[in-house]
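The chain contents come next:
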Amino acid sequence: MEKIFKGPAIFLDRNDINTDEIIPAKYLTEITKEALRPYILEDLKLDGFDPAGDELKNARVVVTRENFGCGSSREHAPWVFEVNGVHTIIAQSYARIFRQNTFNGGMLAIELPKEDVDALFALQEKGSVTIDVDLDAQVVHASAGGLKSDFPFKISEFDKALVKAGGWVEFADARY
Amino acid sequence: MGKTIAEKIFAAHLRDEPFEGTKVLNLDCVLCHEITTPIAIADLESRGKDRVFDKNKIKAVIDHVTPSKDTKTAVQAKMIRDWARRHELPDFFDVGRNGVCHALFPEKGFIRPGYTVIMGDSHTCTHGAFGAFAAGVGTTDLEVGILKGVCAFRQPATIKVNLRGTLAAGVYSKDVILHVIAKLGVNGATDAVLEFVGPVVDAMSMEARMTLCNMAIEAGGTCGICLPDAVTAEYLWPFIKDEYADVAAAVVDFRRWHSDADAEYKQIFDFDLSDLEPQVTCDFKPDCVKPVGEMAGIKVDQVYIGTCTNGRIEDLRVAAQVLDGHTIADSVRAVLSPATPKIFSQAMEEGLIQIFMQAGFCVTNPTCGACLGMSNGVLAPGEVCASTSNRNFNGRMGKGGMVHLMSPATAAATAITGVITDARTL
Ligand code: SF4
């Protein structure tokens with residue numbers, strides 16, 4: 001599946017969402033990424049959030065708060081997003097391993113300052129939010145109900161190179 | 001400007017700096033277990049790159065679910081077993097010879113001061129207790145580590161944690177690290193190495209230091225690290241005796257890996273621990289911590305002693321001392337998983353297993369088991385577990401279950417009464 005960094009966003013309004021909530025340990029006995037698909041965010045308890053709902057099914061981008069993906073090193077966490085068509089996460093901050101895993105798979109873990117994340121959350125009042133990431137220009141374009149907002153972001157050269165290469169295996173294999 | 005131990009290890013292992021701020025390090029140890037490695041193996045195969053960079057630097061174990069509990073876990077075990085055989089890994093630990101990775105690999109002498117270590121497991125930070133840079137990584141980093149022997153990191157900042165004073169009787173390194181996490185918060189050390197120093201660390205055994213470093217990740221830390229000293233050299237002596245004239249010579253050599261006096265730290269924390277009480281977590285995050293007194297009386301359904309945090313011989317001794325002559329409350333069930341076969345047999349020789357069994361514990365083979373809700377003591381919804389492990393996330397030991405993290409002493413006391421109990425009050 002080609003990775004696209006745009007589409008409808010789902011908002012997870014909590015700090016410290018951990019990898020056990022993203023994909024519970026009991027599913028780590030699966031040996032294909034595809035098999036993880038139905039279990040995305042199964043254990044996440046959040047007001048108004050339904051792991052089986054259409055909003056998650058249609059989402060291509062996740063917007064969330066601080067320290068996203070803390071806990072276990074399982075790459076099953078970014079994978080479960082990937083196999084559900086979500087290739088972009090936008091958060092105020094990440095746990096190190098989750099962030100690295102996301103880039104290692106050629107996906108995007110964008111960090112935005114708190115004001116920008118707040119502004120993205122606020123945009124929901126205008127209607128459902130669509131995100132389009134311009135990686136070269138390093139800008140998140142967000143739109144909802146006819147309103148558009150742009151959020152420039154920083155990304156390390158390395159992380160950008162990983163996304164462009166398609167992941168760390170490709171990058172490392174070409175170089176080492 | 002001087003350097004921290006982490007900076008010295010980075011400098012000594014630097015293979016490449018493809019972009020400013022990105023350091024690609026040569027690896028001394030790539031550790032593998034059956035949960036996160038099979039997908040890396042399968043991916044290498046599908047790319048036609050089923051190779052290993054150095055079979056002597058790759059160590060593998062089946063530990064999370066062992067012996068296999070169903071077809072899926074049997075397939076995972078088979079995948080890593082077949083791969084280890086195919087590549088003739090000298091250090092592969094199959095059923096019967098296997099134990100919890102972060103207890104087994106140090107016990108085998110695989111981890112040395114100044115090493116770079118990765119594993120597809122977040123608690124790899126445990127190995128920093130030996131003065132190594134040891135980081136948990138995902139499957140892709142592991143895969144590249146297996147294939148190329150390298151891993152990329154941002155140069156981490158170092159946070160110095162100075163642990164002063166003397167621990168009171170009945171207070172252990174688990175209580176110390178829970179206290180430190182409570183102060184730093186679950187992301188207080190993100191992208192940083194936690195360097196533990198001070199008289200409390202100096203007085204700790206290697207086991208206690210491993211407990212300390214094990215939970216660095218619960219504050220977001222890339223690695224916990226202790227400066228290698230005489231305690232480290234004594235522990236490693238059986239494995240390094242051909243390399244040094246005596247222990248003292250090893251200690252002198254290890255000083256290469258000490259942080260310089262003028263090294264730069266991102267932050268310095270200073271904790272006087274003389275008045276520290278035993279600590280217990282109270283919610284679904286490891287930084288939600290209270291003194292045991294404030295948690296006393298909370299009813300538990302299960303007590304779990306074991307894991308890479310607190311399943312080592314010293315932990316079993318402490319718990320057995322509390323349990324000796326007691327039986328566990330009728331209202332609880334208690335499970336002991338010694339972390340490795342060596343620990344298990346040592347505990348038998350010392351009569352500890354007898355004490356646990358007479359108290360009413362179920363003693364299992366070495367495995368992660370219930371720590372991550374896989375086997376051997378999974379909780380039912382609504383149940384509460386007093387556990388010596390490192391993670392209390394919602395559902396961690398079973399969907400809908402609650403976990404309170406604590407020391408082996410507190411867990412043993414809790415088993416006796418059926419409610420969270422300060423072992424010092426028994
Ligand atoms: S004992 Fe628990 S925390 Fe340690 S490696 Fe096993 S599952 Fe992970």
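Small disclaimer: the values here were computed from a predicted structure and weren't measured.

Visitor: I keep staring at the overall build of chain B and nothing clicks. Help me out?
Guide: A count of helices and strands for chain B gives 16 helices and 19 strands. Its C-alpha atoms give chain B a radius of gyration of 21 Å, within 12% of the compact-globule value 22 Å for 426 residues. Seen along its three principal axes, the alpha-carbon backbone of chain B occupies a region of about 60 × 50 × 40 Å. Looking at chain B as a whole, 66% of its 426 residues qualify as buried. By sequence separation, contacts in chain B at least 24 residues apart represent 74% of the contacts at least 6 residues apart. Total accessible area on chain B stands at roughly 13900 Å², and carbon and sulfur atoms take up 49% of it. When the 41 positive and 51 negative side-chain charges of chain B are each reduced to one mean point, those points stand 5 Å apart.

Visitor: Looking at this structure, I do not really get the sheet that holds strand β2 (residues 22-26) of chain B. What am I missing?
Guide: Strand pairing in a sheet relies on backbone hydrogen bonds, with the paired strands running either antiparallel or parallel. Residues and elements named next belong to chain B. Strands sit in the order β1-β2-β8 across an open sheet of three strands; the sheet is antiparallel. Edge positions in the sheet fall to β1 (14-16) and β8 (150-154), since each has one partner strand and no second. Ignoring strand direction, the axes of neighbouring strands in this sheet form an average angle of 45°. Relative to β8, β2 runs antiparallel, the two being bridged by five bridges. When the bridges of β8 are listed, Val24 appears paired with Ala152.

Visitor: How should the side chain of B:Arg391 be read in this particular structure?
Guide: With respect to the helices and strands, the residue B:Arg391 is situated in the loop between β18 (384-387) and β19 (402-405). A distance of 3.1 Å separates the side chain of B:Arg391 from the backbone oxygen of A:Gly71, its partner in a polar contact. A polar contact is formed between the side chain of B:Arg391 and the side chain of B:Glu218, at a distance of 3.1 Å. Once residues lying within four places of it in the same chain are set aside, the contact partners of B:Arg391 are A:Gly71, A:Ser72, B:Ser122, B:His123, B:Ile217, B:Glu218, B:Arg396, B:Val403 and B:Leu405.

Visitor: What should I look at first to understand empty space enclosed by the protein in this one?
Guide: All names here are of chain B. This structure, assessed with the given rule, holds three cavities of 30 Å³ or more. Estimates place the volume of the largest cavity at around 220 Å³. Put simply, the parts of the chain that give the lining of the largest cavity at least two residues each are α4 (101-107) and α12 (307-310). Its residues assigned to classes, the lining of the largest cavity comprises eight nonpolar, 10 polar and four charged.

Visitor: Could you clarify how one ought to interpret helix α15 (residues 352-359) of chain B in this entry?
Guide: Every α-helix carries 3.6 residues per turn, so stepping three or four residues along brings you back to the same face. All names here are of chain B. Restricting attention to buried positions, one finds in α15 the residues Leu352, Ile353, Ile355, Phe356 and Ala359. Buried residues of α15, viewed axially, fall in a sector of 160°; they line one side. Along α15, the residues that are exposed and aim more than 90 degrees away from the buried face are Met357 and Gln358. Buried positions along α15 lie against β15 (302-306), α13 (313-323), β16 (333-337), α14 (341-349) and β17 (361-363).

Visitor: Help me understand the nonpolar core, please; the structure alone is not making it clear to me.
Guide: Considering soluble globular proteins, one finds that nonpolar side chains tend to be buried as a cluster. Ranked by size, the top nonpolar core spans 99 residues in total, and within it B:Trp83, B:Leu163 and B:Phe196 carry the most contacts. Sorting elements by how many residues they give to this core places helix α6 (residues 173-184) of chain B first, with six residues. Every residue in contact with B:Trp83, bar those within four places of it in the chain, is listed here: B:Cys32, B:Thr37, B:Ile41, B:Asp50, B:Val52, B:Ile58, B:Ala60, B:Leu89 and B:Ile146. Residues A:Ile17, A:Leu135, A:Ile155 and A:Trp168 belong to the second largest nonpolar core, which totals 65 residues.

Visitor: What am I meant to see in the packing of aromatic side chains here?
Guide: Within a pair of aromatic rings, the relevant descriptors are the distance that separates the centres and the angle that separates the planes. Taken as a whole, this structure holds 21 aromatic pairs over all chains when the rule is applied. The interplanar angle of 70° and the centroid separation of 5.0 Å between the aromatic rings of A:Phe11 and A:Phe121 together place this pair among those described as edge-to-face. With a gap of 110 residues between them, A:Phe11 in strand β1 (residues 6-12) and A:Phe121 in helix α5 (residues 114-123) connect regions that are remote in the sequence. Considered together, A:Phe11 and A:Phe121 belong to a single accessibility category, that of buried residues. Measuring from centroid to centroid gives 5.0 Å for B:Phe133 and B:Phe153, while their planes differ by 90°, and the two rings are edge-to-face. Here B:Phe133, found in strand β7 (residues 133-136), pairs with B:Phe153, found in strand β8; they are 20 residues apart in sequence, far enough to count as distant. Assessed through its relative accessible area of 1%, B:Phe133 is described here as buried. Taken together, the ring pairs in this structure connect A:Phe158, A:Trp168, A:Phe171, A:Tyr176 and B:Phe19 into an aromatic cluster. Above the plane of the ring of A:Phe121 lies A:Arg65, whose end atom (NZ or CZ) is 3.7 Å from the centre.

Visitor: For this particular structure, what's the right way to read unusual backbone geometry?
Guide: Comment: phi is negative for the bulk of residues other than glycine, and the bulk of peptide bonds are trans. Residue and element names in this part refer to chain B. Between Thr66 and Pro67 the backbone carries a cis peptide bond, its omega angle lying at -10°. By the element assignment, Pro67 lies in the loop between β4 (58-61) and α3 (71-86). One non-glycine residue, Asp191, lies in positive phi territory at about 65°. With a phi close to 80°, Thr307 is a non-glycine residue in the positive phi region. A relative accessible area of 2% places Thr307 in the buried class.

Visitor: What should I look at first to understand the interface of chain A and chain B in this one?
Guide: For an interface, size is often stated in terms of accessible area lost upon the parts coming together. On the side of chain B, 50 residues touch chain A, which itself brings 44 residues to the contact. The contact between chain A and chain B buries some 4100 Å² in all, and 55% of this surface belongs to carbon and sulfur atoms. If you sort the residues of chain A by the area they bury against chain B, A:Ile31, A:Arg96 and A:Tyr176 come out on top, with a joint share of 18%. At the boundary of chain A and chain B, one finds 11 salt bridges. Note that B:Lys148 and A:Asp173 form a salt bridge whose closest N and O atoms lie 3.1 Å from each other. The tally of links between chain A and chain B comes to 25 residue pairs in polar contact (both at pLDDT 80 or more). Where the side of chain A that touches chain B is concerned, the elements lending two or more residues are α3 (76-83), α4 (96-104), α6 (157-165) and α7 (168-175) of chain A. For the side of chain A that touches chain B, the element with the most residues is α7(A), which contributes seven residues. Looking at the side of chain A that touches chain B residue by residue, the classes come out as 15 nonpolar, 12 polar and 17 charged.

Cut-offs used in this document
Residues numbered from 1 in each chain as written. Chains lettered and ligands numbered in written order. Predicted model: local features only at pLDDT ≥ 70, side-chain atom pairs only at ≥ 80, totals over all residues. Heavy atoms only, no water. Helix = DSSP H or I, 4+ residues; strand = E, 2+ residues; numbered from the N terminus. Rg over C-alpha atoms; globule rule 2.2 N^0.38 Å. Buried < 20%, exposed > 50% of the residue type's maximum accessible area, 1.4 Å probe, protein only. Contact = heavy atoms within 4.5 Å. Areas by Shrake-Rupley, 256 points an atom, 1.4 Å probe, with all protein chains shown as cover. Lys, Arg positive; Asp, Glu negative; His and termini not counted. Charge placed at Lys NZ, Arg CZ, Asp CG, Glu CD. Pairing = 2+ DSSP bridges. Axes fitted to C-alpha atoms, helices over the stretch in contact; angles between N-to-C directions. Polar contact = N/O pair within 3.5 Å; in protein donor to acceptor, adjacent residues only side chain to side chain. 1 Å grid on protein atoms, 1.4 Å probe; cavity = no way out; pocket = protein on both sides within 12 Å on 5 of 7 lines; lining within 4 Å. Points joined across faces, edges and corners; volume = space filled by probe spheres on them. Nonpolar A, V, L, I, M, F, W, Y, C, P; charged D, E, K, R; others polar. Arc of directions from axis to C-beta. Core = buried A, V, L, I, M, F, W, Y, C linked by side-chain atoms within 4.5 Å. Phe/Tyr/Trp six-rings, centres within 6.5 Å; stacked < 30°, edge-to-face > 60°. Lys NZ or Arg CZ within 6 Å of the ring centre and 35° of its normal. Buried area = accessible area lost by both parts, 1.4 Å probe. Salt bridge = Lys/Arg side-chain N within 4 Å of Asp/Glu carboxyl O.

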